[in-house]
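Given next are the chains, with one letter for each unit.
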Amino acid sequence: MELRIKKTILYLLLSVLALTCVLPFVLMMVNSTRSGLEIMTSFSFIPGKSVKENWETVFGYFNLIRGFGNSIMVAVPATILTAYFSAITAYALAIYHFRGGKVLFFVIVVFMMIPGQLSLLGFYNLIAKLKLIDSYIPLIIPAIASPGIVFFLRQYLISVLSKSLLEAARIDGAGELHIFHRIVFPIMLPGVATMSIGAFIGNWNSYLVPLILLNSPEKFTLPVMIASLNSSTDITSNQGAIYLAVAISVIPILVVFAFCSKYIISSISAGAVKE
Amino acid sequence: MKEAGVIRKKRNVNKMGYVFIIPFVVTFLVFSVYPVFRTLYLSFTDFKGFKTPNFVGTENYVRVLSDKFFWRALGNTVRIWSLNIVLQLGIAFLLTIVFSDIKYRLKGLGFFRAVFYLPNIIAATSVAFLFRTLLDWRYGSINQILASVGINAATPVNWLGSSSVAPYVISVIGAWMWFGNSFILLMAGVQGIPSDYFEAAAIDGAGRWKVFRKITIPLLKPILLYVGITSLIGGLQMFDLPFLISGGTAGNPSGKLQTVIMYLYKFGFEVGTHQVGYAAAIAYTLFAIILVISVVQYRLMREKEN
């Protein structure tokens, strides 16, 4: 009996904590449908009728759909490059014995621990020398080399792939690239998918690097566009429009999370146990 | 004869390893390794973002160490980070204890884990604007909710405008964003502990607190160390949240929200204050500080073990 009361209290506390995680998003959704004046005078959980006005205010300042498209143009190719090249690199490091393989693996582990700020200035300097400022290339191409994901996939592959399968394929005369594409990649797909979701969210949310590399407003990705709200005074006077702009940027991620939360959480757990 | 053929074939196969890693290695060298060394080189020059850099020796580093604004920014970062880490790990720890308790056997771990992780996946820009608007001291929903239940109705708290409150507001928002991540990591650690340990302890009649102290904490140590070091590295590099909430590199109110990376950004990327060499020296000084603290943290954890 006592245990039951304690359990009830615990569930209650957990629910309160869960509510604080969700409440800001609920307020965001509700306020994005209310007018600036309504928001200023009182709060409410009942949606208002001003979505259209807020929408017009937001789009009068910038084209969020365009920002959306820009974010997709950066995040999708970057994620695909990360997934494919991390997989093939992890495969090479896990299966083949070649000179320098161990050294490369060691360097990968070291670079996983180096904070990003050490490369930031040198990276900008390099991109400026290559005359690639204000281009998407430096936001996409570097995704080919993701040390953390290679590390994870190598460990993953060692635990799921049996070498006899490869031997059998070789005896059948299959080429190495063919073996990778037709046999190995499907086997490691669950791991690749998990890592890709994380990589996509990271790319989608990335702020600092696009902020320093992109100059023209029509090329801004969604986070950079949202952050440029700062400089506009007419939009900051209408809170409803800000909530709507933020809501539009958040909803795709919420949708991804609704379908993939299991994979995302298992990938974090897997990372923890591997360390 | 046949055997030699097989061996030769195997050697050819292994050579494919080189082919497969070429794209990674080239990209890695150009966009990851080179920039790190380029930053190091720039930190010894007077590079201003244009013209050719001149070598100036350790001048930039001497300047960083005597720059009171650098130390102020480091102090600000540590202040924000310390409350943040206490809350973030504290909540995560309590949740881990509650969910790993074999007497309670709470249900819904999957659901709560997902909800607690939710704030993590939202872009810091969106979180910053959301809270800036919610925490507006005159018209924000938070003060309206507080006033409606009779708290601070006459004197609403200026959450983001008061220099004594704002840093801790950032800590709390950070903890709100990241406690779910720490919880998942710690929980994964507990689930990795073989359940016979707990069962054996229960048979021996060990109390909850004793089980926790003698089994859970010691076995969780590697993960705690991992969470501690990664949150330190992330925390000392805090940028998005304070930058966007305070609305610029000045870190207002009264510069209390200016973190080290915001200070670096001011010299590295802001028009008018371009001193890239100096910014690079700030980056490496911060790295040295992080390295020293990580090693100390690691040593302390090790010593406790013995």
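Keep in mind the model is a prediction, meaning the values are calculated, not measured.

The rules behind each value
Residues numbered from 1 in each chain as written. Chains lettered and ligands numbered in written order. Predicted model: local features only at pLDDT ≥ 70, side-chain atom pairs only at ≥ 80, totals over all residues. Helix = DSSP H or I, 4+ residues; strand = E, 2+ residues; numbered from the N terminus. Rg over C-alpha atoms; globule rule 2.2 N^0.38 Å. Buried ≥ 20, exposed ≤ 12 C-beta atoms within 10 Å, placed from the backbone. Contact = placed C-beta atoms within 7 Å. pLDDT = per-residue confidence, 0-100. Nonpolar A, V, L, I, M, F, W, Y, C, P; charged D, E, K, R; others polar. Axes fitted to C-alpha atoms, helices over the stretch in contact; angles between N-to-C directions. Left-handed = near helix turned anticlockwise from the far one by under 90°. Core = buried A, V, L, I, M, F, W, Y, C linked by C-beta atoms within 7 Å. Domains from an automatic or database assignment. Arc of directions from axis to C-beta. Expected span 1.5 Å × (residues − 1).

1. Observations regarding the overall build of chain B
Turning to step 1, where the next piece is worked out: Summing up its helical and strand segments, chain B has twelve helices and zero strands in all.
Turning to step 2, where the next piece is worked out: Taken from N to C terminus, the helices and strands of chain B fall in the order α-α-α-α-α-α-α-α-α-α-α-α.
Turning to step 3, where the next piece is worked out: Taking 306 residues into account, the globule formula puts the C-alpha radius of gyration at 19 Å, and chain B, at 25 Å, lies well above it.
Turning to step 4, where the next piece is worked out: Taken along its principal axes, the extent of the C-alpha atoms in chain B is 80 × 65 × 35 Å.
Turning to step 5, where the next piece is worked out: The proportion of buried residues among the 306 residues of chain B is 43%.
Turning to step 6, where the next piece is worked out: In chain B, the share of contacts with a sequence separation of at least 24, taken over all contacts with a separation of at least 6, comes to 68%.

2. Here we look at the overall build of chain A
Turning to step 1, where the next piece is worked out: The secondary structure content of chain A amounts to 14 helices and zero strands.
Turning to step 2, where the next piece is worked out: Written out in order from the N terminus, the α and β elements of chain A read α-α-α-α-α-α-α-α-α-α-α-α-α-α.
Turning to step 3, where the next piece is worked out: Each principal axis of the C-alpha distribution contributes one length, and for chain A these read about 75 × 70 × 35 Å.
Turning to step 4, where the next piece is worked out: For chain A, buried positions account for 43% of its 275 residues.

3. With respect to the confidence of the model for chain B
All names here are of chain B.
Turning to step 1, where the next piece is worked out: Of the residues in chain B, 95% reach a pLDDT of 70 or more, and the chain-wide mean stands at 88.
Turning to step 2, where the next piece is worked out: Mean pLDDT in chain B bottoms out at helix α8 (residues 195-203), which sits at 82, and peaks at helix α2 (residues 59-65), which reaches 97.
Turning to step 3, where the next piece is worked out: Counted against residues more than four places away or in other chains, residues 1-5, with its pLDDT under 50, gives zero contacts.
Turning to step 4, where the next piece is worked out: Quick note on the complex model: pTM equals 0.89, ipTM equals 0.89.

4. A short note on the interface of chain A and chain B
Turning to step 1, where the next piece is worked out: At the junction of the two partners, chain A supplies 68 residues and chain B supplies 74 residues.
Turning to step 2, where the next piece is worked out: Examining the composition of the side of chain A that touches chain B, we find that 14 residues originate from one element, helix α14 (residues 239-274) of chain A, more than from any other.
Turning to step 3, where the next piece is worked out: Looking at the side of chain A that touches chain B residue by residue, the class counts come to 49 nonpolar, 16 polar and three charged.

5. Overview of the packing of helix α3 (residues 68-100) of chain B against helix α7 (residues 166-191) of chain B
All names here are of chain B.
Turning to step 1, where the next piece is worked out: Two elements in contact, α3 and α7, have axes separated by 7 Å at closest approach and are oriented at 40°. Judged by the sense of rotation from one axis to the other, the crossing of α3 with α7 is right-handed.
Turning to step 2, where the next piece is worked out: For the contact of α3 with α7, the residue count by class is 20 nonpolar, eight polar and one charged.

6. Topic: the environment of Gln258 of chain B
All names here are of chain B.
Turning to step 1, where the next piece is worked out: On the secondary structure map, Gln258 appears in the loop between α10 (240-246) and α11 (260-269).
Turning to step 2, where the next piece is worked out: A sequence separation of 43 residues divides Gln258 from Ile215, and the C-alpha atoms of the two residues are 41 Å apart.
Turning to step 3, where the next piece is worked out: Those residues in contact with Gln258 that lie beyond four places of it in its chain are Ala73, Asn76, Thr249, Ala250, Gly251 and Tyr263.

7. Description of the nonpolar core
Turning to step 1, where the next piece is worked out: Membership of the largest hydrophobic core comes to 153 residues, with the highest contact counts inside it found for Tyr91, Leu153 and Val246 of chain A together with Leu264, Ala279, Ile282 and Ala283 of chain B.
Turning to step 2, where the next piece is worked out: Those residues in contact with Leu264 of chain B that lie beyond four places of it in its chain are Gln117 of chain A together with Ala279, Ile282 and Ala283 of chain B.

8. Some remarks on the environment of Leu189 of chain A
Turning to step 1, where the next piece is worked out: The topology assignment puts Leu189 of chain A in helix α10 (residues 176-205).
Turning to step 2, where the next piece is worked out: With 13 C-beta atoms packed within 10 Å, Leu189 of chain A lands in the partly exposed category.

9. Some thoughts on the domain arrangement of chain A
Residue and element names in this part refer to chain A.
Turning to step 1, where the next piece is worked out: The domain boundaries assigned to chain A delineate domain 1 (23-61 + 232-254) and domain 2 (63-227).
Turning to step 2, where the next piece is worked out: Domain 1 and domain 2 are separated by 35 Å when their C-alpha centres are compared.
Turning to step 3, where the next piece is worked out: Listed as interface residues are seven residues of domain 1 and, on the opposing side, six residues of domain 2.
Turning to step 4, where the next piece is worked out: At the level of secondary structure, the elements contributing two or more residues to the side of domain 1 that touches domain 2 comprise α3 (51-61) and α14.
Turning to step 5, where the next piece is worked out: Among the elements that take part in the side of domain 1 that touches domain 2, α14 stands out by supplying five residues, more than any other.

10. Quick notes on unusual backbone geometry
Residues and elements named next belong to chain B.
Turning to step 1, where the next piece is worked out: Put simply, Asn252 and Pro253 share a cis peptide bond, and its omega is 10°.
Turning to step 2, where the next piece is worked out: In this structure, Pro253 sits in the loop between α10 and α11.
Turning to step 3, where the next piece is worked out: One non-glycine residue, Lys51, adopts positive backbone phi at about 60°.
Turning to step 4, where the next piece is worked out: In this fold, Lys51 is placed in the loop between α1 (2-42) and α2.
Turning to step 5, where the next piece is worked out: Residue classification places Lys51 among the exposed positions, given that 8 C-beta atoms sit within 10 Å.
Turning to step 6, where the next piece is worked out: Backbone geometry at Arg105 places phi at a positive 45°, although glycine is not the residue there.
Turning to step 7, where the next piece is worked out: Counting through the fold element by element, Arg105 comes out in the loop between α3 and α4 (109-117).

11. Topic: α3 of chain A
Residue and element names in this part refer to chain A.
Turning to step 1, where the next piece is worked out: For α3, the complete set of buried residues consists of Asn54, Thr57 and Val58. Down the axis of α3, the buried side of the element spans an arc of 95°, and every buried residue falls inside it. Within α3, the exposed residues directed more than 90 degrees away from the buried face are Lys52, Glu56 and Gly60.

12. Some words on the environment of Ile127 of chain A
All names here are of chain A.
Turning to step 1, where the next piece is worked out: In this structure, Ile127 sits in helix α6 (residues 117-129).
Turning to step 2, where the next piece is worked out: The class for Ile127 is buried, based on 22 C-beta atoms found within 10 Å.
Turning to step 3, where the next piece is worked out: Note: C-alpha distance between Ile127 and Ala241 (114 residues apart in sequence) is 35 Å.

13. Quick notes on α6 of chain A
Residues and elements named next belong to chain A.
Turning to step 1, where the next piece is worked out: Between its first and last C-alpha, α6 extends 19 Å over 13 residues, near the 18 Å set by a 1.5 Å rise per residue.
Turning to step 2, where the next piece is worked out: Summarising burial for α6: ten of the 13 residues are buried, a large majority.
Turning to step 3, where the next piece is worked out: Inspection of α6 places Gln117, Leu118, Ser119, Leu120, Leu121, Gly122, Phe123, Tyr124, Asn125 and Ile127 among the buried residues, and these make up the whole buried set.
Turning to step 4, where the next piece is worked out: Taken from the residues just after α6, Lys131 is the one with a positive phi, measuring 55°.

14. Side note on the confidence of the model for chain A
Turning to step 1, where the next piece is worked out: When pLDDT is averaged across chain A, the result is 89; 95% of the residues are at 70 or more.
Turning to step 2, where the next piece is worked out: Looking at the elements of chain A, mean pLDDT is at its lowest for helix α13 (residues 233-236) of chain A, recorded as 64, and at its highest for helix α7 (residues 137-140) of chain A, recorded as 97.

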